[in-house]
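These are the residues of each chain, in order.
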Amino acid sequence: DAMVIQNPRYQVTQFGKPVTLSCSQTLNHNVMYWYQQKSSQAPKLLFHYYDKDFNNEADTPDNFQSRRPNTSFCFLDIRSPGLGDAAMYLCATSRAGGGWAKNIQYFGAGTRLSVL
Amino acid sequence: EDKVVQSPLSLVVHEGDTVTLNCSYEVTNFRSLLWYKQEKKAPTFLFMLTSSGIEKKSGRLSSILDKKELSSILNITATQTGDSAIYLCAVEENAGNMLTFGGGTRLMVKP
């Protein structure tokens, strides 16, 4: 089945130790998103790629970076994780430009990051 | 600043009850409103609403958009314990594919 896959499901890192979260998709969608979701809060968009074009949200800290080497994969790099970065990180995809039904975002299962 | 507000924040009901969840929004260029269900993992898509007054229905779940009142409701009839989840409302604007999420309603259905 076509889907959005995030690895790992759970990630534990140490304060200040770089960590990379990955997302892959088999939906052939041209837009990929990274969200941060803290407990009992709404998902907060960090950035998104529209094809190869990177779009950063104004309040996303510089500590967060992203790479999209090809259509199927997108990575979230946290250069120096702090305790406040512990959260669920959600990847989502959508197909832009194809009409209403194709603008739905489909989410991966998420990676829960703990920072010790 | 664009805003999406959901109410109530949380709700506890018994199996068989009917619930209505609310979502109101203030966005500059409304395009669509989406409802998602989130259990202990990723949000799963329920409905997308673009036209006012037209009900979308899937089994026991239904939703309707009121563009005049800038709001939407999600109804769940004959609730089951498996309906326990956080229900997220999100609004898409014309300017792009970004979604602005509300804070969610946490629904707990007791046996």
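What comes next concerns the included structure. Since the model is a prediction, treat every value here as computed from it, not as a measurement. (Residues numbered from 1 in each chain as written. Chains lettered and ligands numbered in written order. Predicted model: local features only at pLDDT ≥ 70, side-chain atom pairs only at ≥ 80, totals over all residues. Heavy atoms only, no water.)

### Description of the sheet that holds strand β3 (residues 19-26) of chain B
Hydrogen bonds between backbone atoms are what pair the strands of a sheet, whose relative direction is either parallel or antiparallel. All names here are of chain B. The strand order across the open sheet formed by five strands is β1-β3-β8-β7-β6, and the pairing between neighbours is antiparallel. One side of each edge strand has no neighbouring strand; the edge strands of this open sheet are β1 (3-7) and β6 (56-58). On average, each strand axis in the sheet is inclined to that of its neighbour by 15°, with strand direction left out of account. In the sheet, strand β7 (residues 61-66) pairs with strand β8 (residues 71-76) via six bridges, with the strands oriented antiparallel. (Pairing = 2+ DSSP bridges. Helix = DSSP H or I, 4+ residues; strand = E, 2+ residues; numbered from the N terminus. Axes fitted to C-alpha atoms, helices over the stretch in contact; angles between N-to-C directions.)

### Looking at the state of the cysteines
In the structure shown here, the tally under the stated rule is two disulfides over all chains. Across the disulfide from C23(B) sits C89(B); the S-S distance is 1.9 Å. With the S-S dihedral at roughly -65°, the linkage between C23(B) and C89(B) falls on the left-handed side. Residue C23(B) is located in strand β3, and its partner C89(B) is located in strand β9 (residues 85-93); the two are separated by 66 residues in the primary sequence. Each of the two residues, C23(B) as well as C89(B), counts as buried. The thiol sulfur of C74(A) is not disulfide-bonded, and the nearest other cysteine sulfur, from C91(A), lies at 6.0 Å. Of the residues examined, C74(A) reaches a relative accessible area of 0% and is grouped as buried. (Disulfide = S-S within 2.5 Å. Buried < 20%, exposed > 50% of the residue type's maximum accessible area, 1.4 Å probe, protein only.)

### Quick word on the nonpolar core
Ranked by internal contacts, the top residues of the largest apolar core, which has 22 residues, are Y25(B), F30(B), L33(B), W35(B), Y87(B), V91(B) and L107(B). Of all the secondary structure elements, the ones that give two or more residues to this core are β3, β4 (30-38), β5 (43-49), β7, β8, β9 and β11 (105-110) of chain B. With near-sequence residues (within four places) excluded, Y87(B) lies in contact with Q6(B), L21(B), Y36(B), K37(B), L46(B), L74(B), I76(B), G104(B), T105(B) and L107(B). Counting 20 residues, the second largest nonpolar core, distinct from the first, contains Y33(A), L90(A), A92(A) and I86(B). (Core = buried A, V, L, I, M, F, W, Y, C linked by side-chain atoms within 4.5 Å. Contact = heavy atoms within 4.5 Å.)

### Structural notes on the side chain of Q37(A)
You can see Q37(A) is positioned in strand β4 (residues 31-37). We classify Q37(A) as buried; its relative accessible area is 8%. One polar contact links the side chain of Q37(A) to the main-chain carbonyl oxygen of Q41(A), over a distance of 3.0 Å. In this structure, Q37(A) is in contact with A42(A), P43(A), A87(A), M88(A), L90(A) and Q38(B), ignoring residues within four places of it in sequence. (Polar contact = N/O pair within 3.5 Å; in protein donor to acceptor, adjacent residues only side chain to side chain.)

### A short note on the packing of aromatic side chains
Tallied over the full model, the rule gives twelve aromatic pairs over all chains. Here the aromatic rings of Y36(B) and F101(B) are separated by 6.1 Å at their centres, their planes lie at 45°, and the arrangement is tilted. Residue Y36(B) is located in strand β4, and its partner F101(B) is located in strand β10 (residues 99-101); the two are separated by 65 residues in the primary sequence. The residues Y36(B) and F101(B) share a single accessibility class, namely buried. The rings of Y33(A), Y35(A), F107(A), Y36(B), F45(B) and F101(B) are connected pair by pair, giving a single aromatic cluster. (Phe/Tyr/Trp six-rings, centres within 6.5 Å; stacked < 30°, edge-to-face > 60°.)

Spatial relationships are all this shows, so hold off on functional conclusions.
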